[in-house]
Structure formats: structure tokens, C-alpha cells
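Residue-level structural notes
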Amino acid sequence: MINYLIKFEDLSLSTIRLFTYDEGNKNQVRKFNLIDVKEGLLPGNNLYIMLPSALFGFKATKNDIGLKNDILKANIFSESEDGLISNISDLKFFFQPSLNLASWINYSTYNSIAEHFNDFDGDVHVYPEHFLLPEGINSIYIAEHSFICSFEDLTGFSGSNDLLEDYLQILVSDGLDLKTLQVLGESEPVLLNKFKDLNFNKIQLSDIHINFINSLKFSNVNFFKRKLSFQYVKQKLKFNFFEFWAFNISALIFLIAPLVISYNLNSSVNTYKQSTEKIFEQLNPNFKRLVNARAQIDDLTRNIPKQNNISKQDLSVLKYLDAFRDDSIQKIVINLKEQEINIHLEGLPLFKLNLLKQILKSEDLHFIESDLIEKDDGFFGNLLVQYET
């Protein structure tokens, strides 16, 4: 695992020093501008972005009454309005409960960095630069051209060495005893000739970085919140060309399918409604609007006279007549309402007449032969058959 640490050379955030620490803590330092720095980052590793503390405002607070979100933000800003140099609406606000620390930074400045590294395929951490220094003490790290100052309550500041002497004078005027300020650096600064009471401790910057990376104090603190993006998802999934397009097509189908199903359902409902309305218009020319189809059907059919139902007996008789086929039977008229069957005969022989009666013998039938005439060994006329259900 590689740990990258970014330090900005000035407040414009345009020039960067990139520190690289591998598993053996071997150090490599390279210089980049902001646009090109991602070329020096290998995916799947840790990235620590240390923003100049001078870009932040800080206030130590425990928030004992449990204020939330915008209420806490408004309360902190009202207490710190004398030190604000930007409109509140232009500031991004942070509160770290584990540190009892509120902080804020210009929104556009923060976003320019957060968005630039949002798609980096690795863990990204953003902190104020003075978080590098030892916690719980007042300390200042003095480099060749700049300094970082951190206090016991985790507030801090950073700036150019041209401002350091004036900054120390301000600390003295604010009541800070410089004897409590631990001075750190890779070499003893010339400025100490003017502040003989300052306690100097030599330390390598790489050691400060490694101590910070291994520290548990800030393991649950991060000023960076990643925004989900298409490019980041693509990098994390590590798709090849074909897998990438297959994923896109699948996602597109997944998104479109509910819309297509919804469209088809709405189309079916509309078709059904139109067909129903057409039926109602045919049944009732005065039909205006479909409100409750079931109730409206009941209303239309309320006065329709009930019809006799076809009984099992009707069906049984029809079955027998269908099985008996003869050229002498010219026509069969069935009156289900009167439960009568009128069979028109043209020369039906006597034995076939008896056979017909024998076939229908199993049913409860009544034969009326009064309209039959026997002629030339055959029967002519109408044979009336009555049955009961």
C-alpha cells in the first residue's frame, strides 16, 4: 500500500509537492501543478490532501446542547462573526464531534480540490495542514519558506515566513506564553535569534508525515466526502471495453424497462376503457361518461326481462337428435322456451319412426302424432315432441 501526501506551496493551490511513502516508509518528493498531479498517483492507494490552514477558520466548541446542522452553523458563525472575512453563504462548514472543533473554508476553494480528486480510485482524505503537528500541545513547524502552527485545542494557522515574526507578536499580545510553544524543524531557524525563549526540536518532515499517517487520532475524521460519479464507478469496477458497454446496456434496460411496462399497462387500460365506453354507447345512446362500470351495467340491465335458461334436458335431447340422421327428416325446429321439438318428416318409414321413438325413450318425452299422415309406406307431416325439465 502506498500513502500519498499532498502539500500546497501557496494559497492559490496551483503548485503541489507530492510526498510518496511505500510500505517501507521510503520517501519520494515530486513537484506538480494541480492539473497534472493525478498522473503521479497509482490507483488503489491512500491520498492525504493537506490544505493550508490559513484557508480555514476554526473554533473549539463542545456543542454541549446538541445543536444540529444549520442551527449549529448559525450559532458558530454568530459567535465568530468578527473573524469572518467572507459571506456566510460562501463558506463550507464542518463540525468534528470527536475533536470538539468547528471549521469553515471558502466553498469554491474547497470544491475545486474535492472535485478534482473525486474520481481518484483510492481512499481520499482532506485535512487542514496543521493537523500534521503533534496533538495536545502548542507547536509550530518552521520550514525554509513557510510555517505551520497548531494549538492544544486543534485550532491552527499557516503562512509564509515573511509573516512569522508578526504572527508570533500577535500570539504574545493574545496572551500566549511562547515558552509553551514547541518549535519543530529540520534545521534551527534564524528567526530564533529574535525569540531566544522558543524551544527548538529537530525533526524530519517525513517523520511528521509518517506519524500523522499512523495516528489513530484522525482515523474517523475526514473533511472529504466523495460524490458518486460515473467515472469513479467505472474505475472501481475495473471493466474492460466489452464489459463496460455491456454494463451500460444492462443499466439502460434496467432504467427503461419500468417505463415501457408502465406505458404498456397504461395503453391497455386506455384501450379497455375505450372499448367499455363504446359498448356503453351502443347499449345507451345517452351515455356520457364512464364512472363506475359495474354499477352502470347493473343500472342498464335492471329492467331487462329474465330469459329461460337452457336445461340439461335440452342439451340431452339435442344430443340424441344430432346422432339420428336420415334424409326423411327434412327439418327440426326446437322451441326451448315452450320445450317443444317439431320434426318435419317426408316419407319416414314406420321402422325408423319406431327407432326414433326408441332412441328418445330414455328421456321424459311426450309424442304428438296427430299431424302425421301415413302414405306409400312412409309418414309425412310434423311430429311434435314435448319434454319437461
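Provided above is the structure to which this section pertains.
Please read these numbers as outputs of a predicted model, since none were measured by experiment. Residue numbering note: each chain is counted from 1, following its sequence as written. Per-residue local features of the predicted model are confined to residues with pLDDT of at least 70, and side-chain atom pairs are confined, for both listing and counting, to 80 or more; whole-chain, interface and lining totals are unaffected and use all residues. Note: side-chain values were computed over all heavy atoms of the structure, leaving out hydrogens and water.

**What about the sheet that holds strand S1 (residues 3-8)?**
Which entries qualify depends on this criterion: Only strands joined by at least two bridges in the DSSP assignment are considered to pair. Numbering of helices and strands starts at the N terminus; helices are DSSP runs of H or I of at least 4 residues and strands are runs of E of at least 2. For helices, the fitted axis covers only the stretch in contact; all axes are lines through C-alpha atoms, and the angles between them, taken along N-to-C directions, range from 0 to 180 degrees.
On the basis of which strands lie adjacent, the open sheet formed by 5 strands has the order S3-S2-S1-S4-S8 and mixed pairing. In this open sheet, the two strands that pair with only one neighbour each are strand S3 (27-33) and strand S8 (123-128). Across the sheet, the mean angle from the axis of one strand to that of its neighbour is 20 degrees, orientation sign disregarded. Where S1 lies against strand S4 (residues 46-51), 5 bridges are found, and the strand directions are parallel. From the neighbouring strand, Leu5 faces S4, where its bridge partner is Tyr48.

**Observations regarding empty space enclosed by the protein**
Selection criterion: Buried and open spaces are told apart on a 1 Å grid over the protein atoms alone, a cavity being a set of points where a 1.4 Å probe fits but cannot get out and a pocket being an open set with protein on both sides within 12 Å along at least five of seven lines. Residues with an atom within 4 Å of a point are the lining residues. Grid points are joined across faces, edges and corners, and a volume is the space filled by probe spheres set on the points. Gly is placed with the polar residues, together with every amino acid not listed as nonpolar (Ala, Val, Leu, Ile, Met, Phe, Trp, Tyr, Cys and Pro) or charged (Asp, Glu, Lys and Arg).
As enumerated under the stated definition, the model contains 1 cavity of 30 Å³ or more in all. Size it by volume and the largest cavity reaches roughly 50 Å³. Along the walls of the largest cavity sit Lys7, Arg17, Glu129, Leu132, Tyr141, Ala143, Ser146, Ile148, Leu205 and His209, which together make up its complete lining. For the lining of the largest cavity, the secondary structure elements donating two or more residues are strand S10 (146-150) and helix H4 (205-214). In the lining of the largest cavity, the residues fall into 5 nonpolar, 2 polar and 3 charged.

**Digging into the side chain of Ser139**
This is how it is decided: It only takes one pair of heavy atoms within 4.5 Å for two residues to be counted as in contact.
Tracing the backbone shows Ser139 in strand S9 (residues 138-142). Those residues in contact with Ser139, other than ones at most four positions away along the chain, are Leu133, Pro134, Ile148, Cys149, Ser150, Leu181 and Gln182.

**Focus on the layout of surface pockets**
Considered as a void within the structure, the largest pocket measures approximately 620 Å³ in volume. Lys7, Ala143, Glu144, His145 and Ser146 are, among the 28 residues lining the largest pocket, the residues nearest its centre. Secondary-structure elements contributing two or more residues to the lining of the largest pocket are S1, S9, S10 and strand S11 (156-160). For the lining of the largest pocket, the leading source of residues is S11, giving 4 residues. Partitioning the lining of the largest pocket into residue classes produces 14 nonpolar, 6 polar and 8 charged.

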